[in-house]
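# Structural overview for review
Below are the chains, spelled out letter by letter.
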Amino acid sequence: HKPISGVSSGCQQGGCLTCSDYNGCLSCKPRFFMHLERIGMKQIGVCMTSCPPGFYGTRSPERNTCTKCRSECDSCFNKNFCTHCRAGFYLHLGKCQENCPEGMVRSDAQRECIL
Amino acid sequence: SERPVLRAIIKVTLLKHEPTGKPLTLEGVFVGGSAGKAEGKLMQYHPLSLCNTSEDERQESDFITIVKLEHRVHHCLPLPDKARMALDKGAQAVIFDIRNDASAAAELQEVDSLPRPVVLVEDNNAKELMDLVNKNEEAKVVIEIKMEPKWPHYD
């Protein structure tokens, strides 16, 4: 398979299926997630077995991708279920909120609402 | 009637050489009736990043998006929609390197009413820009309309 100029199918990264000199990975092998990594002014595709912190994995027939968690979450299962909050936010039932429900208090150590 | 093709002058100055650095002058073609001036920091976007409006990084300063299109990457959206998405994400302008996507020009020439400049680059113009990106050399880009010389009127 002769690589088209600038697009080499023999990718160095383990999970890459096709890649290009400028864009990095263009597609991933099955079960890998495509993560778009920002490095200064560059943004390249990287194929990973699991998404980095601050992102969650979404599988689809066409492509598995890493998507950024909500801005107030440090880590999450998906768009609507956070597992750890950013500073100033407190976790309650998968949501990161600035205040806790009545009867609960904010734990700065765990960034969670606790009884 | 066929819309005149307006060419773009793209002046690129490395931030580390500012303000005295002599700009690199390249050329491109405006599409979608979007000819106009724009200025900002050059920022590469992967073709797959313009597929959905997921909550991703917001750039602080004015920036100009450059995308190297790849015909091997399934267009998750029509190119005009990708251009609009890039502009919606805050880009002052969008530059598409179409060296590896022969059908891109035709798809984008038909478009109307793009709110800010969208420019296609090829050949050495594209290579110079993408080589800068590859070396992660932060650069400021100014896009202007290329003034074609007015031929004197002969009777």
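Right above here is the structure, for reference.
Summarised in this report is the structure supplied together with it. Because the structure is predicted, anything quoted here is derived from the model rather than measured. (Residues numbered from 1 in each chain as written. Chains lettered and ligands numbered in written order. Predicted model: local features only at pLDDT ≥ 70, side-chain atom pairs only at ≥ 80, totals over all residues. Heavy atoms only, no water.)

Here the focus is the interface of chain B and chain A. Across the boundary between the two partners, chain B contributes 30 residues, which contact 30 residues of chain A. Regarding the contact of chain B and chain A, the summed buried area is about 2,500 Å², with carbon and sulfur atoms giving 50% of it. On inspection of chain B and its partner chain A, the count reaches zero salt bridges. The interface formed by chain B and chain A includes 16 residue pairs in polar contact (both at pLDDT 80 or more). The element best represented in the side of chain B that touches chain A is helix α3 (residues 123-134) of chain B, accounting for six residues. Each residue belonging to the side of chain B that touches chain A can be placed in one class, and the counts come to nine nonpolar, 10 polar and 11 charged. (Contact = heavy atoms within 4.5 Å. Buried area = accessible area lost by both parts, 1.4 Å probe. Salt bridge = Lys/Arg side-chain N within 4 Å of Asp/Glu carboxyl O. Polar contact = N/O pair within 3.5 Å; in protein donor to acceptor, adjacent residues only side chain to side chain. Helix = DSSP H or I, 4+ residues; strand = E, 2+ residues; numbered from the N terminus. Nonpolar A, V, L, I, M, F, W, Y, C, P; charged D, E, K, R; others polar.)

Here we come to the nonpolar core. The biggest cluster of nonpolar side chains holds 46 residues, and the ones touching the most others in it are L42(B), F96(B) and I143(B). Contact partners of I143(B), with chain neighbours within four places excluded, come to A8(B), I9(B), I10(B), F30(B), G36(B), K37(B), A38(B), I64(B), A93(B), I95(B) and V119(B). Listed in part, the 10 residues of the second largest apolar core include C16(A), M34(A), C47(A) and L48(B). (Core = buried A, V, L, I, M, F, W, Y, C linked by side-chain atoms within 4.5 Å. Buried < 20%, exposed > 50% of the residue type's maximum accessible area, 1.4 Å probe, protein only.)

On to the sheet that holds strand β1 (residues 7-14) of chain B. All names here are of chain B. The sheet built from seven strands closes into a barrel, its strands ordered β1-β2-β6-β5-β4-β3-β7 with mixed pairing. On average, adjacent strands in this sheet sit at an angle of 40 degrees to one another, irrespective of strand direction. Strand direction decides the pairing type here: strand β3 (residues 38-44) and strand β7 (residues 139-145), joined by four bridges, are antiparallel. Of the residues in β7, the one forming a bridge with K41 is K140. Lying on the sheet, helix α1 (residues 79-88) is in contact with β4 (63-70), β5 (93-100) and β6 (118-121); it crosses β5 at an angle near 140 degrees. The sheet strands contacting α3 are β1, β2 (24-30), β3, β4, β5, β6 and β7, and the helix crosses β5 at an angle near 110 degrees. (Pairing = 2+ DSSP bridges. Axes fitted to C-alpha atoms, helices over the stretch in contact; angles between N-to-C directions.)

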